[in-house]
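# Topology and contacts: notes
Each chain, written out:
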Amino acid sequence: MTDRTLDRRRDRAGAAGAAAERAEAAVTDLDNQLRTIADLTLQQRQSLRNAVDEAARLKRSLKAARQRRAELLKDRKKAALKAGKARDKARTAEAKYDKQLLADMIRREKERDRAASAPDPQPERETASTATARRTAARKTARS
């Protein structure tokens, strides 16, 4: 063989070795890209599972909030009715008290007027209703 043939074969062998190294580097690069994509896919699947779980949790939370709101509206309605009845009862009791107090005041004024026209004035007698009216008036005055 001639030197020229030998040089040519050496050059070809060197070029083939360099091409093989480049091909190996390309394979390594592709392997790295495949690993990266596989890792990314795993992360994205986990993120998707987490998002689906969070969506389910939020749906349950919304459902519970709707149910609680319905319960509260029902309770509020009952409480409003109860408060209205209590106000009506208080108004009725106050009206009865006012009526009784007025009747007692009229009776006392009549007694006082009659006593003033009588020759010898008599002290005012305290009856059960006057005592009740006096206590109630004192209690109301104490609250004010």
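Preceding this paragraph is the structure being described.
This text gives an overview of the structure that appears in the document. Note that the coordinates shown come from a computational prediction; the quantities given were computed from them, not determined experimentally.

### Things to note about the overall build of the chain
Helix and strand counts for the chain come out as two helices and zero strands. Whereas a compact globule of 144 residues would reach a radius of gyration of roughly 15 Å, the chain reaches 51 Å, over 25% beyond that. Taking all 144 residues of the chain together, 6% fall into the buried category. Surface summary for the chain: the accessible area is close to 12900 Å², and the carbon and sulfur share equals 57%.

### Concerning helix H2 (residues 128–143)
In this model H2 runs 23 Å from its N-terminal to its C-terminal C-alpha over 16 residues, within 8% of the 22 Å that 1.5 Å per residue would give. The set of residues buried in H2 consists of Thr130, Ala131, Ala133 and Thr136.

### Some details on the environment of lysine 110
Locating lysine 110 in the fold gives a position in helix H1 (residues 3–117). Given the relative accessible area of 46%, lysine 110 is considered partly exposed. Each C-alpha atom, one on lysine 110 and one on alanine 90, is 30 Å from the other, the two residues being 20 residues apart in sequence.

Parameters at a glance
Residues numbered from 1 in each chain as written. Predicted model: local features only at pLDDT ≥ 70, side-chain atom pairs only at ≥ 80, totals over all residues. Heavy atoms only, no water. Helix = DSSP H or I, 4+ residues; strand = E, 2+ residues; numbered from the N terminus. Rg over C-alpha atoms; globule rule 2.2 N^0.38 Å. Buried < 20%, exposed > 50% of the residue type's maximum accessible area, 1.4 Å probe, protein only. Areas by Shrake-Rupley, 256 points an atom, 1.4 Å probe, with all protein chains shown as cover. Expected span 1.5 Å × (residues − 1).

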